[in-house]
Amino acid sequence: MPSTPPDVPELIWLRPEHSGRGPRPAHSRASIAAAAVAIADAEGLDAVSMRRVAAALGAGTMSLYNYVPKKEHLFDLMVDQLAGEYELPDRPGTDWRAELTMLAQQLRAILARHRWAATVVAERPGLGPNGLRYTEYFLGALAGTTLGGTAKMEALSQLNGYVCQFSEWQHKSVDSGAKWLADLVRYLTQVTATGAYPHLTAALAEQAAPADLDQVFDRSLQRLLTALVDPDR
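Since this is a predicted model, take the numbers as computed values, not measurements.

With that settled, consider the packing of helix H5 (residues 96-113) against helix H10 (residues 213-229). Closest axis-to-axis distance for the H5/H10 pair is 11 Å, and the angle between their directions is 135°. On the basis of the axis angle, H5 is oblique to H10. As H5 runs across H10, the sense of the crossing is right-handed. Within the contact between the two elements, H5 uses Trp96, Arg97, Leu100, Thr101, Ala104, Gln105 and Arg108 and H10 uses Leu213, Asp214, Phe217, Asp218, Leu221, Gln222, Leu225, Thr226 and Val229. Broken down by class, the residue content of the contact of H5 with H10 amounts to eight nonpolar, four polar and four charged.

Next up, the structure:
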């Protein structure tokens, strides 16, 4: 990878997508992001490279750096591409809990379609056009609450973090298969039999059947929303 000139902004959104001079660009940020997302969906995030994306677009690797100077910029484009999958009404309704529940469920669905994305979405702020559209909608959903601006932004980060963490855990659990679950049950049976963990033993005794992950997600989400927005409830 070529060294990045010192005058290149750390945020790709500070760079013009293309100059008004010269021939019409052969590619766009949207086409580059779509190619990168397609590679990640098919082979995982580790398969994404400037070379692979350039090949998918029929471009030279070096020419791609004119559009995306750093791989981190490529990740930012990919995150914003996913944020474009939110289906948002023109404006939020008056029920903040219903609105935030809808956003969380949509993010979970997006991460289910792109199983590589949870870590990247959690680590990189969504500052592109699609991410800003989502952020504006989220803040608008909280407009009628008593939260200040800082608390609203913290709520956004914490809600997205919860969904990303839950999705990543769910994907890993599914990928590990029945063997992982059987080993977990065997391990917990052993440790609770020692009598050293009475509270854990009592909690596990209430679980008569395997947990339904959709129900677990929703119950935990509602607790989180109460803690973030309505802690006195």
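After that view of the structure, there is still more to cover.
We now examine the side chain of threonine 135. Relative to the helices and strands, threonine 135 is located in helix H7 (residues 129-141). Assessed through its relative accessible area of 15%, threonine 135 is described here as buried. Setting aside residues up to four positions removed in sequence, threonine 135 forms contacts with Gly126 and Leu156.

This brings us to the environment of tyrosine 67. Within the secondary structure layout, tyrosine 67 lies in the loop between helix H3 (61-64) and helix H4 (71-83). For the pair formed by tyrosine 67 and threonine 94, sequence separation is 27 residues and the distance between their alpha carbons is 41 Å. When near neighbours in sequence (up to four residues on either side) are disregarded, tyrosine 67 contacts Ile12, Pro25, Ala26, His27 and Ile32. Here histidine 27 takes part through its backbone nitrogen, which lies 3.4 Å from a polar atom of the side chain of tyrosine 67.

Rules of the game
- What you see as residue numbers is a count from 1 along each chain, following the sequence as written.
- Confidence filtering applies because this is a predicted model: local features only for residues at pLDDT of at least 70, side-chain atom pairs given and counted only at 80 or more, and all residues used for totals across whole chains, interfaces and linings.
- The basis for every side-chain value is the complete set of non-hydrogen atoms in the structure, without hydrogens or water.
- Interaxial angle, 0 to 180 degrees, is taken between N-to-C directions of lines fitted to C-alpha atoms, where a helix line uses only the stretch in contact.
- In DSSP terms, a helix is any run of H or I states spanning at least four residues, a strand is any run of E spanning at least two, and both are numbered starting from the N terminus.
- Orientation categories follow fixed angle ranges, with anything under 35 degrees roughly parallel, anything over 145 roughly antiparallel, 65 to 115 roughly perpendicular, and all other angles oblique.
- By the definition used in this description, the sense in which the near helix is turned from the far one sets the handedness, with an anticlockwise turn below a right angle giving left-handed and a clockwise turn giving right-handed.
- By definition, residues are in contact when any of their heavy atoms lie within 4.5 Å.
- Each residue gets one of three labels, nonpolar for Ala, Val, Leu, Ile, Met, Phe, Trp, Tyr, Cys and Pro, charged for Asp, Glu, Lys and Arg, and polar for the others, Gly among them.
- Residue burial is assigned from relative accessible area. The probe radius is 1.4 Å, only protein chains are included, and a residue is buried under 20% of its type maximum, exposed over 50%, and partly exposed in between.
- Polar contacts here mean pairs of N or O atoms no more than 3.5 Å apart (in protein, one a potential hydrogen donor and the other a potential acceptor; neighbouring residues in sequence count only if both atoms are side-chain atoms).

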